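# Commentary on secondary and tertiary structure
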Amino acid sequence: MSASREQILARADAAGLGNIAAKVFARERLSVDDGVTLYATPHVHVVGELANHVRERLHGDLAYFNVNQHINYTNYCNKFCRFCSFDRLPGQDGAYLLSPEDCAAKIRAQLHEPVTEVHMVAGVWPKIPYSYYLEILRAVKEARPEIHVKAFTMVELDQIRKVAKKPLAEVLADLREAGLGSCPGGGAEVFADRVHQAGYRTKISGDEWLDLSRQVHRAGLRSNCTMLHGHIETIEERADHLDRLRRLQDETGGFQTYIPLSFHPENNEWSHLPGPTALDELREIALGRLMLDNIPHIKAYWIMLSIPVAQIALAYGADDVDGTVVEEHIYHDAGAVTPQGGQRDELIAWIRDAGRVPVERDTLYNVVWTADARQAPVGAPAPVLA
């Protein structure tokens with residue numbers, strides 16, 4: 001049973017967070033300075049209680065998952081991000097570029113499972129022709145016509161529009177006709193220019209990532225948003241990142257879900273850094289729920305966090321755990337030791353073990369199955385097409 005309002009306020013007051021707690025209960029937007037305070041406090045569990053209050057106000061005991069699979073269609077990349085363990089140059093050991101038929105074969109291999117989404121992201125390589133992106137979408141949709149294709153981060157879309165030599169609006173129209181349904185949230189990293197220059201200076205800037213997301217939303221597509229935390233960024237830079245996400249959400253309403261991504265230090269240029277602890281990961285989930293008052297869902301990406309931490313995160317602000325995944329390379333190349341995929345029944349069992357009500361959703365949060373149909377919503381609202 002969740003703590004009462006009086007108990008939470010008393011603990012927050014004892015932790016020096018009384019003013020912030022009062023704002024949370026009054027449903028007032030927290031300031032960037034409030035965010036910095038919540039990052040700095042040693043009282044992580046009080047922060048988690050506040051986030052859980054917001055989570056339960058929005059979603060009750062529901063915890064969402066989906067039956068999905070990942071396709072990382074190439075690890076060719078010329079961005080040379082210092083935190084990345086996935087990228088390769090053509091000809092290097094382990095480098096690959098899947099053909100459209102390879103992608104279709106991965107879809108066909110899961111036809112016996114009730115998969116509703118394929119998540120397609122990869123590296124960036126300028127010699128891949130525009131036609132390739134359209135062909136992999138068509139191949140996937142031909143293999144499983146009903147599947148929702150969530151594909152191409154803002155970084156990938158930037159490259160796709162360059163090779164297409166077309167405005168993004170025209171590119172998005174082409175991609176949608178070929179089968180694109182929505183976009184993931186990766187590639188945002190940390191928006192701060194200092195971190196961008198130190199870690200991934202050849203990648204699009206924070207302002208460019210936000211502008212591309214704006215255009216995606218205006219085209220009628222929903223997307224997710226992320227932050228890569230636990231490396232060289234400061235807490236002030238994290239709080240600013242969250243504020244910039246919610247300001248764009250105020251404008252477009254196009255973000256469905258926020259996913260804090262943990263930096264994994266193995267096999268990359270930042271391997272000397274320790275990476276975030278489990279408590280750091282839980283704090284990041286909680287800050288996302290408390291600061292992003294206009295983004296409906298906060299995801300605890302179990303493939304990255306581990307199942308036990310994701311279970312705890314369901315009491316720290318998260319209401320979503322992602323899905324069955326099947327095959328994932330980006331985090332596993334960086335040292336993730338979680339299973340490559342989880343069966344639907346296993347996800348349901350561990351959500352229940354965490355004290356939450358499992359809800360299978362599709363990509364747009366329409367309910368596929370729920371353990372409690374009385375509470376289930378009918379889906380996400382459409383984005384504001386400003």
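Remember, it's a predicted structure, so these values are computed and weren't measured experimentally. (Residues numbered from 1 in each chain as written. Predicted model: local features only at pLDDT ≥ 70, side-chain atom pairs only at ≥ 80, totals over all residues. Heavy atoms only, no water.)

## Quick look at empty space enclosed by the protein
The test is simple: Using a grid of 1 Å spacing that covers the protein atoms alone, one calls a set of points a cavity when a 1.4 Å probe fits there but cannot get out, and a pocket when the set is open and has protein on both sides within 12 Å along at least five of seven lines; lining residues are those with an atom within 4 Å of a point. Grid points are joined across faces, edges and corners, and a volume is the space filled by probe spheres set on the points.
The full count for this structure, using the stated rule, is three cavities of 30 Å³ or more. Put simply, the second largest cavity is a space of about 40 Å³. Along its surface, the second largest cavity is lined by Glu 117, Lys 150, Asn 224, Gln 256, Thr 257, Lys 299, Arg 361, Thr 363 and Tyr 365.

## Things to note about helix H11 (residues 235-252)
Note the threshold: For helices the rule is a DSSP run of H or I covering at least 4 residues; for strands it is a run of E covering at least 2, with both sets numbered from the N terminus onward. Working rule for helices: expected span equals 1.5 Å times residues minus one. Contacts: residue pairs with any heavy atoms within 4.5 Å of one another.
With 18 residues, H11 extends 26 Å between its outermost C-alpha atoms, agreeing within 8% with the 26 Å of an ideal straight helix rising 1.5 Å per residue. Here the buried face of H11 lies against helix H3 (32-40), helix H9 (193-199), helix H10 (206-218), strand S6 (223-229), strand S7 (255-262) and helix H12 (278-291). Just downstream of H11 lies Gly 253, where phi reads positive at about 70°.

## Regarding the state of the cysteines
Cut-off, in case you're wondering: Two cysteine sulfurs form a disulfide in these notes if their separation is within 2.5 Å. Type-normalised accessible area, obtained with a 1.4 Å probe on protein chains alone, sets the label of each residue: buried when under 20%, exposed when over 50%, and partly exposed for intermediate values.
In this structure the tally under the stated criterion is zero disulfides. Its sulfur unpaired, Cys 84 is 6.2 Å from the next cysteine sulfur, which belongs to Cys 81. The class of Cys 84 is partly exposed, set by a relative accessible area of 23%. Take Cys 225: it sits in no disulfide, and the sulfur closest to it among the cysteines is that of Cys 183, at 13 Å. A residue is classified by how much of its surface remains accessible, and Cys 225, at 0% relative accessible area, is buried.

## Details of the packing of aromatic side chains
Worth spelling out the cut-off: Stacked, edge-to-face and tilted labels apply to pairs of Phe, Tyr and Trp rings (six-membered ring for Trp) whose centres lie within 6.5 Å, assigned for plane angles under 30 degrees, over 60, and everything in between, in that order. Two limits define a charge over a ring: the Lys NZ or Arg CZ must be within 6 Å of the ring centre, and within 35 degrees of the ring normal.
The final tally for this structure, using the stated rule, is twelve aromatic pairs. Taken together, a centroid distance of 5.4 Å and an interplanar angle of 80° make the contact between Tyr 64 and Tyr 365 edge-to-face. Within this pair, whereas Tyr 64 is found in strand S1 (residues 62-66), its partner Tyr 365 is found in the loop between strand S10 (357-361) and strand S11 (367-370), the two being separated by 301 residues in sequence. Residues Phe 83 and Tyr 200 carry aromatic rings whose centres are separated by 5.7 Å and whose planes lie at 75° to one another, so their mutual orientation is edge-to-face. Separated by 117 residues along the polypeptide, Phe 83 in the loop between strand S2 (68-71) and helix H5 (100-108) and Tyr 200 in the loop between H9 and H10 bring together distant segments of the chain. Note on accessibility: Phe 83 and Tyr 200 belong to one class, buried. An aromatic cluster of three or more residues is present, and its members are Tyr 73, Tyr 132, Tyr 133 and Phe 152. Over the aromatic face of Trp 369 sits the side chain of Arg 344, whose NZ or CZ is 5.1 Å from the ring centroid. Here Arg 361 stacks its cationic end above the ring of Tyr 365, 4.4 Å away from the centre of that ring.

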